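Structure assessment
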Amino acid sequence: MDRETLKKLLLSLKEEDYTLNADLHIHSNNSDGKMTPEKIVEQAKIKNKKFIAIADHNNIDAYLSTNILAENIVIPAVEFDCFHKGIIIHILGYGINIDNSEIKTLFAITPAGKRNNLYRIFKLRNPIEVISKIKNAGGIAVLAHPACYPCRNLDLFIKPLIDNGLDGIETYYPYNGFRRIFKFHKKITVKQIADKYNLIKTGGSDTHGKKLP
């Protein structure tokens, strides 16, 4: 699926789609999740999901080690750890060409860079570079779980990323677990920013466990 086709698809998905049949933020055991990519796809089919994305931290091993991209419901994705205005953020890349040489320079080369939260803090990426390389790889760049970032003004925090090509923000996100505690902004604020700048709105469960919600 090329970038423009994927963009149209993502723009067509609404909040009810993410509630019922789309989950574009799932982690496998190739980063810090518990399920194999194959198990994720199996569960997604049982739950009649129309679209899913395995977005492991700093790697695309789920797509290199399996044939899950042959499944029509699977959108290739990755989640990069970045550092923006003194705050750790995550940027999702959807629909990237997994063979693109430029984006490969962003991938972790050790297991710790994919799975170890503490190690990953010391390997944070420049978000502007990440956005650029995602788009050069034919992908869509989306800011993950934006309500979690401890900034005074979320609009002003995100605006430089938008000015440098950010395509969307994760608007439909459950904020469960520790992200419920470390939630600094309201969901409506996220939606208002997406609407203000005509950004793509995505959503996902951020599942790390043994089953899809």
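The coordinates are above.
Residues numbered from 1 in each chain as written. Predicted model: local features only at pLDDT ≥ 70, side-chain atom pairs only at ≥ 80, totals over all residues. Heavy atoms only, no water.

**Looking at the state of the cysteines**
Applying the stated rule across the entire model yields zero disulfides. Of all cysteine sulfurs in the structure, the one in C151 sits closest to C148, which takes part in no disulfide; the separation is 11 Å. Overall, C148 belongs to the buried group, its relative accessible area being 8%. (Disulfide = S-S within 2.5 Å. Buried < 20%, exposed > 50% of the residue type's maximum accessible area, 1.4 Å probe, protein only.)

**Examining the pattern of salt bridges**
Taken as a whole and judged by the stated rule, the model has 12 salt bridges. Residue D32 pairs with R120 through a salt bridge whose shortest N-O separation is 3.8 Å. With a gap of 88 residues between them, D32 in the loop between β1 (22–26) and α3 (37–46) and R120 in helix α7 (residues 117–121) connect regions that are remote in the sequence. A residue is classified by how much of its surface remains accessible, and R120, at 6% relative accessible area, is buried. Notably, a salt bridge pairs K133 with E129, separated by 2.8 Å at the nearest N-O pair. Residue K133 and its partner E129 are located together in helix α8 (residues 127–136), separated by four residues, close to a single helical turn. With a relative accessible area of 12%, K133 lands in the buried category. (Salt bridge = Lys/Arg side-chain N within 4 Å of Asp/Glu carboxyl O. Helix = DSSP H or I, 4+ residues; strand = E, 2+ residues; numbered from the N terminus.)

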